[in-house]
Amino acid sequence: SSMTIMKVRDLHPQIICPLCGGYFIDATTIVECLHSFCRSCIVRYLETSKYCPICDVQIHKTKPLLNIRPDKTLQDIVFKLVPGLFEDEMRRRREFYSKHPESEPADL
Ligand SMILES: [Zn+2]
Ligand SMILES: [Zn+2]
């Protein structure tokens, strides 16, 4: 229920993406300021901006995607703290790629 989600969020605000309000998926950190987001959230955001959405630091003069890094440590924490999230995400991807086999990444 939404009550349960609210409680988990109150306990773990550090694992919530400020752009989508959900748990980090493919947690990605800006090298300049160490703020973190879901990969898809920050990549989409940086299509129209070169500045961090939280602290407004300039990420890169021309190519902000060069200065973001996958944060595996943070993502592991999210999966540990949120039971079932990993399974949900893997199931979601399997369903997506079974409908769109042409977009399946080689490393899955
Ligand atoms: Zn997000
Ligand atoms: Zn920042």
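An account of the accompanying structure is given in this report.

Rules of the game
Residues numbered from 1 in each chain as written. Chains lettered and ligands numbered in written order. Predicted model: local features only at pLDDT ≥ 70, side-chain atom pairs only at ≥ 80, totals over all residues. Heavy atoms only, no water. Helix = DSSP H or I, 4+ residues; strand = E, 2+ residues; numbered from the N terminus. Buried < 20%, exposed > 50% of the residue type's maximum accessible area, 1.4 Å probe, protein only. Areas by Shrake-Rupley, 256 points an atom, 1.4 Å probe, with all protein chains shown as cover. Donors = N, O, S within 2.8 Å, 3.2 Å for Na, K, Ca; no water. Tetrahedral: all angles 85-135°; square planar, octahedral: opposite > 155°, others 65-115°.

### A few points about the overall build of the protein chain
Now for step 1: Scanning the protein chain from terminus to terminus reveals four helices and three strands.
Now for step 2: Element order for the protein chain, N to C, with α for helix and β for strand: α-β-β-α-β-α-α.
Now for step 3: Going through the 108 residues of the protein chain one by one, you find that 30% of them count as buried.
Now for step 4: Element-wise, carbon and sulfur atoms account for 57% of the exposed surface of the protein chain, whose accessible area totals about 7500 Å².

### Let's talk about the coordination of the zinc ion (ligand 1)
Coordination angles at a metal have ideal targets, namely 109.5 degrees for four tetrahedral donors and 90 or 180 degrees for six octahedral donors.
Now for step 1: Within the protein, the zinc ion (ligand 1) binds to Cys-17 (SG), Cys-20 (SG), Cys-38 (SG) and Cys-41 (SG); these donor distances fall in the range 2.3 Å.
Now for step 2: Angles of 104 to 115° at the metal separate the four donor atoms of the zinc ion (ligand 1), which places the site in the tetrahedral class.
Now for step 3: One chain supplies every donor to the zinc ion (ligand 1), and in sequence these donors are spaced C-x2-C-x17-C-x2-C. Taken as a pair, Cys-17 in the loop between α1 (2-11) and β1 (27-30) and Cys-38 in strand β2 (residues 36-38) lie far apart in primary sequence, 21 residues in all.
Now for step 4: In this structure Cys-38 comes out as buried when scored by relative accessible area, which is 3%.

Keep in mind these values describe shape, not function.
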